[in-house]
Amino acid sequence: MASSFVAQRATSRDRESLDKLAAKCLDAHGGLPQLLDPDFAVALFPHESLIVIRDATQQVVAALALTHDSDDSAFFSLLALPTVNSDVASEIFSAAATLSQRPTQIFRCESVNPRLSQIFPDPASQFFSEYVMSRPTENAASPTFSVITQPWTDDSAPRFFTAYHESFRERPGFPDPSSAQWIADQVESEEFHREASLVALDDQRTPLGFVLVDDDQIWQMGVVPTARRQGLGRALLTHAVHALGTLGKPDAWLNVNLNNPDAIALYESAGFEIVGQRSRFRREI
Ligand SMILES: CC(C)(COP(=O)(O)OP(=O)(O)OC[C@H]1O[C@@H](n2cnc3c(N)ncnc32)[C@H](O)[C@@H]1OP(=O)(O)O)[C@@H](O)C(=O)NCCC(=O)NCCS
């Protein structure tokens, strides 16, 4: 029997359909709230390569776009309603093949629902997964530190890098960037809040931990192994939530890898709740 779903190149009117699809996906299963930001949505789903999949009533049930090709991999953005089934999946995969013939396909999904995960049956295909967590900034406690802290400046930036490097070096997939590259990546963002970002130091000015605040997010935080379980992570987090409230942000957001139970425990104990999941899936053709 022929599928009742049809994949079509997007027309100019389909940007609106994409916005509606993103809103429905976020409403049903949460995910990255930036999906509703028009600039973010255009970067994630470039119009030239956008394909929409409609059901028999013309409703857009999924959208796919090629973001870039590398030597052997094609990178796609994918959104699909929580009703996604095997017919929609086969339209998604044949649409992907029309956009790129690279043997490895990587699908970036910023709003994951259980049925979307099922269209990638091999558990190893889900190679990256983060919870999206948030909490209101209202009634945020005031931070107290028993160590020295400094905000981000050109002078303190290398100390932030040391704190990052020592905190993350044992995490799986640690990218091990150079100090210059890492610092450049942070200051590149127009939404980076230098004053609200802190590095914690001991009496000898050795970095113990750090937190970076960007837009309405706790972008990155870490505590070096020798300083853990002494309350520094909680103090840095409390500071960041309070700072976001002072900046007028109603909610504090963060993303945390599903394989990081220590950090999830910290965030939950500080009032953050899981509001969605974002993942990358790999598929070989
Ligand atoms: C996650 C991390 C920042 C926690 O820092 P920390 O200074 O040890 O945290 P705290 O001492 O303030 O702990 C606060 C609470 O978090 C929870 N927690 C922290 N580490 C935990 C662990 N290993 N196991 C269980 N709960 C833990 C506990 O509820 C703890 O409260 P408690 O000590 O009263 O039980 C630190 O482990 C770290 O840097 N990890 C590597 C980098 C990283 O994963 N960063 C976050 C990426 S999103």
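Please refer to the structure higher up on the page.
### Side note on the site of the ligand
Among the 22 residues in the neighbourhood of the ligand, the closest are listed as M221, V223, R229, R234 and N260. A distance of 2.8 Å separates a nitrogen atom of the ligand from a polar backbone atom of M221. Here N260 contributes a side-chain N or O atom positioned 2.6 Å from an oxygen atom of the ligand. In isolation the ligand exposes 920 Å². Once the protein is present, 78% of that is buried. Put simply, the parts of the chain that give the shell around the ligand at least two residues each are α5 (157–168), β10 (217–223), α7 (232–246), β11 (251–257) and α8 (261–269). Here the element with the most residues in the shell around the ligand is α8; it accounts for six residues. Tallied by class, the residues present in the shell around the ligand amount to nine nonpolar, eight polar and five charged.

### Digging into the environment of V147
Within the secondary structure layout, V147 lies in the loop between β6 (126–136) and β7 (148–151). Look at V147 and you get partly exposed, because its relative accessible area is 27%. Residues V147 and L201, 54 residues apart in the sequence, show an inter-C-alpha distance of 6.2 Å. The contact partners of V147, leaving out residues within four places of it in the chain, are A200, L201, L208 and L232.

### Description of the pattern of salt bridges
All told, the structure shown has seven salt bridges when counted by the stated rule. Between E130 and R278 there is a salt bridge whose closest N-O contact spans 2.6 Å. Within this pair, whereas E130 is found in strand β6, its partner R278 is found in strand β12 (residues 273–284), the two being separated by 148 residues in sequence. Here the two residues E130 and R278 agree in accessibility, since each one is buried. For the salt bridge of D215 with K249, the shortest nitrogen-to-oxygen distance reads 3.5 Å. Within this pair, whereas D215 is found in the loop between β9 (207–214) and β10, its partner K249 is found in the loop between α7 and β11, the two being separated by 34 residues in sequence. Classification of K249 as partly exposed rests on a relative accessible area of 23%. Taken together, the salt bridges that share partners define one network made up of R108, E110, E130 and R278.

Criteria and cut-off values
Residues numbered from 1 in each chain as written. Predicted model: local features only at pLDDT ≥ 70, side-chain atom pairs only at ≥ 80, totals over all residues. Heavy atoms only, no water. Near = heavy atom within 4 Å. Polar contact = N/O pair within 3.5 Å; in protein donor to acceptor, adjacent residues only side chain to side chain. Areas by Shrake-Rupley, 256 points an atom, 1.4 Å probe, with all protein chains shown as cover. Helix = DSSP H or I, 4+ residues; strand = E, 2+ residues; numbered from the N terminus. Nonpolar A, V, L, I, M, F, W, Y, C, P; charged D, E, K, R; others polar. Buried < 20%, exposed > 50% of the residue type's maximum accessible area, 1.4 Å probe, protein only. Contact = heavy atoms within 4.5 Å. Salt bridge = Lys/Arg side-chain N within 4 Å of Asp/Glu carboxyl O.

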